[in-house]
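A structural walkthrough
Spelled out from the first residue to the last, the chains are:
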Amino acid sequence: MFRLAGKTMVVIGGSRGVGRRVAEYSARQGAQVLAVARREAALRQLAQDLPGIKVLALDATLPNAPSKVFEVLVPDILVLSGGAIPMAAPLHEQSWQDFTVNWESDVKIAFHFCKTALSRPLPAGSSVILIASSAALAGSPLTGGYAGAKRTQMLIASYSQKESDRLGLGLQFVVLAPGIMPETEFGKLAVDGYARYIGMSTKDFIRAMASPPTQSDVANAVVELAADAYQSKGKMFIVTEKGLERASLCEW
Amino acid sequence: METLEKQNILIIGGSRGLGLGVVEAFAARHSNVTVVARDEARLADLKARLGVSVIAGDATDPALADSVLRQVRPSVLLLNAGATPAMAPLHKQTWESFSRNWDTDVKATFHWVQAALNAPLAPGSRVLVSSSGAAIEGSPLSGGYAGAKRMIWLMAAYANGVSNDLNLGIRFQALLVRQIVGATELGHAAAEAYARRKGVSTGAFLAGFGKPLAPRDYGEFVVTALTDPKFESAQAFAIRGETGIQPLDA
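Overview of the structure. As the structure is a computational prediction, the values presented were derived from the model and not from experiment.

Rules used in this analysis
- Residues numbered from 1 in each chain as written.
- Chains lettered and ligands numbered in written order.
- Predicted model: local features only at pLDDT ≥ 70, side-chain atom pairs only at ≥ 80, totals over all residues.
- Helix = DSSP H or I, 4+ residues; strand = E, 2+ residues; numbered from the N terminus.
- Rg over C-alpha atoms; globule rule 2.2 N^0.38 Å.
- Buried ≥ 20, exposed ≤ 12 C-beta atoms within 10 Å, placed from the backbone.
- Contact = placed C-beta atoms within 7 Å.
- Nonpolar A, V, L, I, M, F, W, Y, C, P; charged D, E, K, R; others polar.
- Pairing = 2+ DSSP bridges.
- Axes fitted to C-alpha atoms, helices over the stretch in contact; angles between N-to-C directions.
- Expected span 1.5 Å × (residues − 1).
- Bend = angle between axes of the 7 residues up to and from the residue.
- Right-handed = clockwise from strand over helix to strand, strands pointing away.

Okay, the overall build of chain B next. Helix and strand content of chain B: ten helices and eight strands. The C-alpha radius of gyration computed for chain B amounts to 17 Å, which stays within 12% of the reference 18 Å derived for 250 residues, consistent with globular compactness. Across the 250 residues that make up chain B, the buried fraction comes to 56%. The contacts of chain B with a sequence gap of at least 6 include a subset with a gap of at least 24, amounting to 65%.

Right under this line is the structure:
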């Protein structure tokens, strides 16, 4: 059974990491997928590897990015997975530019796309799935402003859901908060950084992590939520290797 | 700290609002208070009225943070500088208005915390940063305010980690006012917007928080946090007019 048959999906940050996996799994479940990213080479590779997927190269942090994307495809499901890779260094060794990189990328993308989803608006029944991070709950002392930026993404989803409900737009905003995925480019960097910081080998550090999710776990979670987003609207989920777990963020 | 008398206290953003209440509370205890703020007229008034030292400058300027810390050598640094958020729902914000508190409150806190660690301040020094109850409850009409305030709370935790690693003995603590304060410019603007959204009067909305928090009372609570040993090790405090100051577990 194709769980996303007949659905259109846009994946921001679809050329690498977990976004690429989401694009792949969703296409396999019958969705018509448009992968959006900045780097053309990575997109060309994706289009070559997975011929059913359409690609669009643009900078998703620009204010007009959402309207450009929606000109190409109006999604039933919009997945926001794009963002920057922060520098791994303790607070006193970061520059303000290092510290603010995820605000200027991850938060900006969430802001522009959620704002446009509300003001355009996207058709009733559409869902926006934000991939944040469990760092937003626990903090992450070696990655500058990353945890605050991810927390802000969650708040953007929460505010957007409230606004959609108030205006009767019928949109669903859902947040996924995966833990560190040691296999991604960012996950590798984070795991290396923390292991070095506490004087452990990377291998031991990963072994000590409580059920770290894989990119596949997260992509499966997105498919599951996308197939039945109404049930999940305004909610947040943590992803572990065991699957989805409803998170209780007190303000949600 | 047993007494605040003759202690060097540096307050960033102390010319109005809650920060002014703190300046008054310390001045009343004969601390050596230095206030950094942008508004020169307000600073001149503060100097004349309370006899505190004043420095006019932009709290988000890293060079200012380094030079003032070197000059003042404070045993208490209170970071209170921040912007009044643009009050509007998310889709009526611009990126610039949404980011205002990140670009001001977070940036200023970042530079002063870094300067405190790199100077470094003397062992036993206390650095108080201004988070907010919004960091817990969210603030849907204030753009990126709640996220920025969450970041400031996290930064206190990160800075304590650095202080421990480097054996600096500096303690960072976050202050969270868990009610909207009608007496400040920021609080009044927020109360008006949320009251309008709820369809109630600003007065009725503010009454929902119980006993109002006067800026001077806030100052007294901050004094308590510094002088009562039971507040020495907490990483964050919740402050309300009704219940005063309490340690808060993250």
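Still more to cover.
This brings us to the interface of chain B and chain A. Accessible area lost upon the coming together of the parts is a frequently used measure of interface size. Taken together, the contact pairs 27 residues of chain B with 29 residues of chain A. Those elements giving two or more residues to the side of chain B that touches chain A turn out to be helix H4 (95-98), helix H5 (100-118), helix H6 (134-137) and helix H7 (145-165) of chain B. The leading source of residues in the side of chain B that touches chain A is H7 of chain B, at eleven residues. A per-class count over the side of chain B that touches chain A returns 17 nonpolar, seven polar and three charged.

Further remarks concern unusual backbone geometry. The general pattern is negative phi for most residues beyond glycine and trans for most peptide bonds. Backbone torsion omega between arginine 120 of chain A and proline 121 of chain A reads -25 degrees, so that peptide bond is classified as cis. Here proline 121 of chain A is to be found in the loop between helix H5 (101-119) and strand S5 (127-131). Here the amide bond leading from alanine 119 of chain B into proline 120 of chain B is cis, since omega sits at -20 degrees, within 30 degrees of zero. Here proline 120 of chain B shows up in the loop between H5 and strand S5 (126-130). Residues other than glycine seldom take positive phi values, yet lysine 6 of chain B does so here, at roughly 65 degrees. The phi dihedral of arginine 73 of chain B falls on the positive side, at around 45 degrees, and the residue is not glycine. Summarising the element assignment, arginine 73 of chain B is placed in the loop between helix H3 (62-72) and strand S4 (76-79).

So, about the sheet that holds strand S6 (residues 172-178) of chain A. Residue and element names in this part refer to chain A. Judged by pairing direction, the sheet is mixed, and its eight strands sit side by side in the order S3-S2-S1-S4-S5-S6-S7-S8 without closing on themselves. Of all strands in the sheet, those bounded by a partner on one side alone are strand S3 (54-57) and strand S8 (243-246). Sheet twist, expressed as the average angle between the axes of neighbouring strands with direction ignored, equals 20 degrees. Here strand S4 (residues 77-80) runs beside S5; their pairing, made up of four bridges, is parallel.

Residues and elements named next belong to chain A. Over its 19 residues, H5 runs 26 Å from end to end, which matches the ideal 27 Å to within 8%, given 1.5 Å per residue. Along H5, the sharpest kink reaches roughly 30 degrees, centred on lysine 108. Within H5, 17 of the 19 residues are buried, which leaves it mostly tucked inside the rest of the structure.

Attention now goes to the environment of alanine 88 of chain B. Residues and elements named next belong to chain B. Tracing the backbone through its elements, the reader meets alanine 88 in the loop between S4 and H4. Exposure remark for alanine 88: the 15 C-beta atoms within 10 Å place this residue in the partly exposed category. Separated by 97 residues in the primary sequence, alanine 88 and glutamate 185 place their C-alpha atoms 16 Å from one another. Not counting chain neighbours up to four residues away, the residues in contact with alanine 88 comprise Gln93 and Leu141.

All names here are of chain B. Among the six residues that make up strand S2 (residues 32-37), five are buried, leaving the element largely enclosed by the rest of the structure. In the sheet, strand S1 (residues 8-12) pairs with S2 via five bridges, with the strands oriented parallel. In the sheet register, asparagine 8 faces S2, and the bridge partner there is asparagine 32. The handedness of the S1 to S2 crossover, carried by helix H1 (residues 17-28), is right-handed. Where S2 lies against strand S3 (residues 53-56), four bridges are found, and the strand directions are parallel. By the bridge assignment for S3, valine 36 is matched with isoleucine 55.

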